[in-house]
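Now for the letters of each chain:
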Amino acid sequence: MVRRPYLQVLRLLVLLIALLVGASLLYPSESKPVDDPSHIDFWKKAKDPRAKATLESREITGEARHRTTTEQTINKENRRQPKQYGAAGMKIVHLDLKGAAPKLLYLEQIFSLLHTLGVHGVLMEYEDMFPFEGDLEVLKSTYAYSSADIEKIQDLADRNQLEIIPLVQTFGHMEFVLKHDKYLTLREVENYPNSLNPHLPDSLKLVKEMISQVLDKHPACSRIHIGADEVYYLGEGVETKQWLSEHEEDRGKLFLDHVMAVSSYLTTKYPGIEVIMWDDMMRKISKETIQQTGIAQYVAPMVWFYAAQFSTDSVEEILSKYLESGFRNVWFASAFKGASGAAQDRTPINLHLQNQLQWLKVIKSLPKFPSLHFQGLALTGWQRYDHYSALCELLPVAIPSLVICAQTVRYGSFSTEAKTTSLQTLGFKDIDLEKNVSEGTGSFAGAEIYEMVCHIHDNLKSEITNVLQDNSDIKGWFTNYHRKYHFANPRNLERFGNKVLKVHQKWEEYLAKLRLQMENIYFPDTVEEWMEENVNLYMDALRVFVEDYKKIVQLQAKPKHK
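Residues numbered from 1 in each chain as written. Predicted model: local features only at pLDDT ≥ 70, side-chain atom pairs only at ≥ 80, totals over all residues. Heavy atoms only, no water.

Labelled according to an unreviewed UniProt entry, the protein appears under the name beta-N-acetylhexosaminidase, originating from Callorhinchus milii. Annotation of the protein in UniProt includes, under Sequence similarities (unreviewed entry), the sentence "Belongs to the glycosyl hydrolase 20 family." (UniProt positions renumbered as here; feature names shortened; annotations may be inferred.)

The following block contains the structure:
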């Protein structure tokens, strides 16, 4: 009886302790993590009763505010921020991949060379070498790069501190697109695949999809070139003729409206991106028309001239016009290859050197235009004049020109220092620019092809011509008539036979070695095309001659074949 009250008190005490422990777990002490909202002034002020209405308002709109903040964060993260290169501008090398696109192994060597030359970026004109997908898959060539290849190219660029700038044609030079049945109806002129009809809804849709696929595979890209040069036959399509009749025949506005649509799409979808375009179509457009469209707020022109002695005064006039039209940024473009003939096989280095020197004069004149920001110079390396033309000189053949041109731009002239550095880079003892002849064996990537192509250029045609056409014995005893009717005396054929056979064997062996070198760098279609255009044109005649010779000698002077 005495111990019962004591037990009840003990039970109450235990219950009280349990309640205290539970309360401490539900309501922890004032010790808080550093990112707790109550450490932020906004939340502290919310405890004030006078802020109750404001707090409720914030709670109501919290979800919408969170959504807006998230979108802003995403846009900020995706905003592309082009690197600036100061008053000297960005130095770019253009690689035209619409013909003779090299394998990645060779691109790796070229990117390393570009880094050595002080180049900042590569203007990649993929054309049909890009791995287009979905509805656009038809655009890619048989040997197009894969998506993994595109990633590898960007990795190689990063490793060599190079910025990749994709070039996507969006108006003219659309042959690789408009040649396909699927897109025939989008041509400006039915018979010609050159230019896009800007007044068909599917035209802009097509361009947007092309651009999106390219940029989505270049997530770090902060600049893009939209082409828009040489828009041939613009205004000759049915729809555009109708448009012109309603707009005072203003072809300038017709052109700029499409460029504006493309550029505004780009800057909206990819905030911060810089848009570049070729300038040639704008040279004849009035500054008033350019001003009215507002295009200067969206795109920067790249002024191009590739001749050895172009007029610097004319360029200054163009720059004055662009400045008055509202442009504040401008790019220039020279050429190190592919601008001296549609079927050129050997690069005329001195021509391209003179072109760089002219551009250096223009650059030195830029203080006349203090409001115009010089963005950079692109050394273009054209591989075809257009999608249907023959191959220009191969990239390995043009490396000496590239090195000399790049060093000239780097040093501001083709000084003794620029020449010495160029020779060291190339592995040459000397080079005669007037005669376009080098001394010594080159050590640069593709030097073997350079040497062999130079040898072919200098000797193949002349040797075959000499042995087949300048031989009096052949003219007397082995004419086309003799070969047609298999009618000849072996005694007479022996006068020239051994010489012809030796020349044939020598060149076949040499060309087999060249083919092996080319196959290390190029895909099979390039090897075949270059051989057809530069070798078989002469070798086929020699091959057929040798075949006829061997057949007729074996006949041992039999009567005419009927």
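A. Quick peek at the overall build of the protein. Within the protein, the regular secondary structure consists of 22 helices and twelve strands. Within the protein, the proportion of its 562 residues that are buried is 48%. Counting only contacts in the protein whose residues sit at least 6 apart along the sequence, the fraction spanning at least 24 positions is 76%. For the protein, the exposed area adds up to about 29000 Å²; of that, 52% sits on carbon and sulfur atoms. (Helix = DSSP H or I, 4+ residues; strand = E, 2+ residues; numbered from the N terminus. Buried < 20%, exposed > 50% of the residue type's maximum accessible area, 1.4 Å probe, protein only. Contact = heavy atoms within 4.5 Å. Areas by Shrake-Rupley, 256 points an atom, 1.4 Å probe, with all protein chains shown as cover.)

B. Examining the sheet that holds strand 8 (residues 300–304) more closely. Strand order in the open sheet formed by eight strands is 3-2-1-10-9-8-7-6, and the pairing between neighbours is parallel. Strand pairing shows two members of the sheet lacking a second neighbour, strand 3 (163–166) and strand 6 (223–225), which therefore form its edges. Between one strand and the next, the sheet's axes are offset by a mean angle of 30°, whatever the strand orientation. Most of the contacts of helix 13 (residues 349–364) go to strand 9 (residues 329–337), to which it runs at about 165°, and overall it touches strand 8, strand 9 and strand 10 (373–381). (Pairing = 2+ DSSP bridges. Axes fitted to C-alpha atoms, helices over the stretch in contact; angles between N-to-C directions.)

C. Highlighting helix 5 (residues 104–116). Taking 1.5 Å as the rise per residue, helix 5 with 13 residues should run 18 Å; its terminal C-alpha atoms sit 18 Å apart, in good agreement. Considered for burial, the residues of helix 5 that qualify are Leu104, Tyr106, Leu107, Ile110, Phe111, Leu113 and Leu114. Angular distribution of buried residues about the axis of helix 5 spans 165°; they occupy a single face of the element. (Expected span 1.5 Å × (residues − 1). Arc of directions from axis to C-beta.)

D. Region of the structure containing the packing of aromatic side chains. Evaluation of the coordinates by the stated rule reveals 25 aromatic pairs. Centre to centre, the rings of Phe428 and Tyr450 are 5.7 Å apart; their planes meet at 40°, and the pair counts as tilted. Of this pair, Phe428 sits in the loop between helix 15 (416–426) and strand 11 (430–432) while Tyr450 sits in helix 16 (residues 447–468), placing them 22 residues apart in sequence. Take Phe428 and Tyr450: they sit in the same class, and that class is buried. (Phe/Tyr/Trp six-rings, centres within 6.5 Å; stacked < 30°, edge-to-face > 60°.)

E. Region of interest: the layout of surface pockets. Here the largest pocket defines a volume of roughly 360 Å³. Looking at the largest pocket, it is lined by 17 residues, and the ones nearest its centre are Asp158, Leu162, Glu163, Ile164 and Ala220. Counting only elements with at least two residues in the lining of the largest pocket, the list comes to helix 6 (147–159) and strand 3. Examining the composition of the lining of the largest pocket, we find that five residues originate from one element, helix 6, more than from any other. Broken down by class, the residue content of the lining of the largest pocket amounts to seven nonpolar, five polar and five charged. (1 Å grid on protein atoms, 1.4 Å probe; cavity = no way out; pocket = protein on both sides within 12 Å on 5 of 7 lines; lining within 4 Å. Points joined across faces, edges and corners; volume = space filled by probe spheres on them. Nonpolar A, V, L, I, M, F, W, Y, C, P; charged D, E, K, R; others polar.)

F. Seen up close, the nonpolar core. Within the largest apolar cluster, 144 residues are counted, with the highest numbers of intra-cluster contacts made by Phe111, Tyr145 and Phe255. Residues lining this core come from more than one domain, with at least three contributed by each of domain 1 (90–436) and domain 2 (453–555). Those residues in contact with Phe255 that sit more than four places away from it in its chain are Phe171, Ala228, Val231, Leu234, Met277, Met281, Met282 and Ile285. Ile165, Ile276, Met302 and Tyr306 belong to the second largest nonpolar core, which has 17 residues in total. (Core = buried A, V, L, I, M, F, W, Y, C linked by side-chain atoms within 4.5 Å. Domains from an automatic or database assignment.)

G. Representation of a nonpolar patch on the surface within the structure. On the surface, a cluster of nonpolar side chains totalling about 290 Å² of accessible area is made up of Tyr192, Tyr232 and Tyr233. Residue placement: Tyr233 occurs in the loop between strand 6 and helix 9 (238–246). (Patch = residues over 30% accessible without salt bridge, like charges linked within 9 Å, V, L, I, M, F, W, Y side chains within 5 Å. Salt bridge = Lys/Arg side-chain N within 4 Å of Asp/Glu carboxyl O.)

H. Highlighting the side chain of Thr526. Inspection of the secondary structure puts Thr526 in helix 21 (residues 524–534). Using a relative accessible area of 4% as the deciding quantity, one classes Thr526 as buried. Among residues more than four places away in sequence, those in contact with Thr526 are Ala100, Ala101, Leu391 and Met518.

I. Main features of the confidence of the model for the protein. The pLDDT averaged across the protein works out to 88; a share of 86% of its residues lies at or above 70. Note on residues 20–76: pLDDT under 50 across the span, and twelve contacts to partners over four residues away in sequence or across chains. (pLDDT = per-residue confidence, 0-100.)

J. Structural view of the pattern of salt bridges. Scanning the model with the defined rule gives 20 salt bridges in all. One salt bridge connects Arg495 with Asp473, and the closest N-O pair in it is separated by 3.8 Å. In this pair, Arg495 is assigned in the loop between helix 19 (490–493) and helix 20 (497–521) and Asp473 in helix 17 (residues 472–477), connecting sequence segments 22 residues apart. Asp548 is paired through a salt bridge with Arg483; the nearest N and O atoms lie 3.0 Å apart. In this pair, Asp548 sits in helix 22 (residues 536–554) while Arg483 sits in helix 18 (residues 480–484), placing the two residues 65 residues apart along the sequence. Since its relative accessible area comes to 17%, Asp548 is described here as buried. Several salt bridges share partner residues, and in doing so they unite Asp96, Lys98 and Glu125 into one network.

K. Quick peek at the packing of helix 13 against helix 14 (residues 395–411). With their axes 9 Å apart at the nearest point, helix 13 and helix 14 run at an angle of 20° to one another. Taken together, the axes of helix 13 and helix 14 lie roughly parallel to each other. For the crossing formed where helix 13 meets helix 14, the hand is right-handed. For the pair formed by helix 13 and helix 14, the contact residues are Ile349, His352, Leu353, Gln356, Leu357 and Leu360 on the first element and Pro400, Ser401, Ile404, Cys405, Thr408 and Val409 on the second. (Parallel < 35°, antiparallel > 145°, perpendicular 65-115°, else oblique. Left-handed = near helix turned anticlockwise from the far one by under 90°.)

L. Local environment of empty space enclosed by the protein. Taken as a whole and assessed by the stated rule, the structure comprises five cavities of 30 Å³ or more. Of the voids in this model, the largest cavity is the one considered here, and its volume is about 90 Å³. Per-class residue counts for the lining of the largest cavity are eight nonpolar, one polar and two charged. Residue composition of the lining of the second largest cavity, by class: six nonpolar, three polar and two charged.

M. Here's a closer look at the side chain of Asn194. If you trace the backbone, Asn194 turns up in strand 5 (residues 192–196). If we ignore the near neighbours within four places in the chain, the residues touching Asn194 are Phe171, Gly172, His173, Met174, Glu175, Leu178, Tyr232 and Tyr233.

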